[in-house]
Amino acid sequence: MGWERFDDIVMLVGSPLMTGLMESVRRAAASGANVLIEGETGTGKELIARAIHHFSPRSSAPWVDINCAALPDHLAESELFGYEKGAFSGADSAKPGLFELAQDGTLFLDEIGELDRKLQSKLLRILDGAPYYRLGGTRKVTPRARIVAATNRKLETAVAGGEFRRDLYHRLGAIRIETPPLRARRGEIGPLAEYFLEQERPRARFAQQVIQALETYDWPGNIRELRNVVASAAAMCPDGIIGLSHLPGHFRDRQVSDSEALSRLAAAVLTSEEQSSFRLEEMERRLVARAMAFTNGHQQRAAGLLGVSRRTLSRKLKEWTRPNR
Ligand SMILES: Nc1ncnc2c1ncn2[C@@H]1O[C@H](COP(=O)(O)OP(=O)(O)OP(=O)(O)O)[C@@H](O)[C@H]1O
Ligand SMILES: [Mg+2]
């Protein structure tokens, strides 16, 4: 567990869920099969796609991406497959499509759920290895790129509703990876917040109750929302110490009891068996031990991770190691 750095990306892998996910990423990368990444908005789907390319044997070949939602259908088609000069009015010169540009690399189809039916059919044939023509072209092009696709819609629902082809869904998702929401890995909130703050304003820091407020919020916009909240707080606070008053209103109005905070945190770092079999004190000990192991014994960071003050943490550690207990 820790920070993964590749290309220009810095990525936290700071929870058992994310460690498991990265193992799947490495296996998927090595396999060469198409991958479908599903997950809520802002959970890191694009980062995961980049990781798959980076860890794959195709990493020195091109990475090409397209956002299927950002383009009207006819443009998506000419972008993907390219065109010859004069293929349509305005086609003043020939242009290769993204499949050609990706060569033996990775083609990332973001927001694949937005692709229209006609392109879904065309894509299906290509995933079956069929050659295609540039628009207005006569020369066959054989696609070689590996496809990684992402969606924040439940594609299965779109399939059930008849909006997305079932055969294409299965073809794209030879391997499926789901990025977990931030609220399912609350132990990562603190380290991510510290990292984003360091980026925005290196000498600023959070007041203790801010970390706790961040850790207990549910983050519907996930990591992107966290990054935005930190950036705006960093800009709003005059003296470099970020307090609750620098967060959006809904953070200020919430008060969470210590035991609620503890059980939420436990849900993020302990297995469900561990959670149900321990009394509160035992759970607390486990949490502290995990946090200390995770930070290599760094008390300040372990305290931050747990959402308690350093003094509280060190008092507990002393209590537990007293010989007469
Ligand atoms: N594990 C992580 N460590 C550090 N930063 C992360 C991590 N996951 C995501 N981010 C950051 O959060 C932001 C959102 O990530 P990303 O764009 O990959 O999400 P997404 O799932 O593709 O979102 P959307 O569905 O809205 O397109 C980016 O700024 C990204 O760098
Ligand atoms: Mg995205």
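Coordinates for the structure precede this section.
Residues numbered from 1 in each chain as written. Chains lettered and ligands numbered in written order. Predicted model: local features only at pLDDT ≥ 70, side-chain atom pairs only at ≥ 80, totals over all residues. Heavy atoms only, no water.

We now examine the overall build of the protein chain. Check the secondary structure of the protein chain and you find 16 helices and 13 strands. Along the first, second and third principal axes, the C-alpha set of the protein chain runs to 85 × 45 × 40 Å. For the protein chain, the proportion of contacts with a sequence separation of at least 24, taken over those separated by at least 6, is 69%. Of the roughly 16,300 Å² of accessible surface on the protein chain, a fraction of 48% belongs to carbon and sulfur atoms. (Helix = DSSP H or I, 4+ residues; strand = E, 2+ residues; numbered from the N terminus. Contact = heavy atoms within 4.5 Å. Areas by Shrake-Rupley, 256 points an atom, 1.4 Å probe, with all protein chains shown as cover.)

Now for the site of ligand 1. The local shell around ligand 1 holds 16 residues, among which Leu12, Thr41, Lys45, Arg224 and Arg227 are the closest. Residue Leu12 places a main-chain N or O atom 2.9 Å away from a nitrogen atom belonging to ligand 1. Contacts to ligand 1 include Glu46, whose backbone N or O atom sits 3.1 Å from an oxygen atom. Burial of ligand 1 by the protein chains amounts to 88% of its free accessible area of 630 Å². (Near = heavy atom within 4 Å. Polar contact = N/O pair within 3.5 Å; in protein donor to acceptor, adjacent residues only side chain to side chain.)

Examined against the element boundaries, Gly304 turns out to sit in helix H15 (residues 299–306). Look at Gly304 and you get buried, because its relative accessible area is 19%. Along the primary structure Gly304 and Gln212 are separated by 92 residues, whereas in three dimensions their C-alpha atoms are 8.6 Å apart. Ignoring anything within four residues of it in the chain, the contact list for Gly304 reads Ile211 and Glu215. (Buried < 20%, exposed > 50% of the residue type's maximum accessible area, 1.4 Å probe, protein only.)

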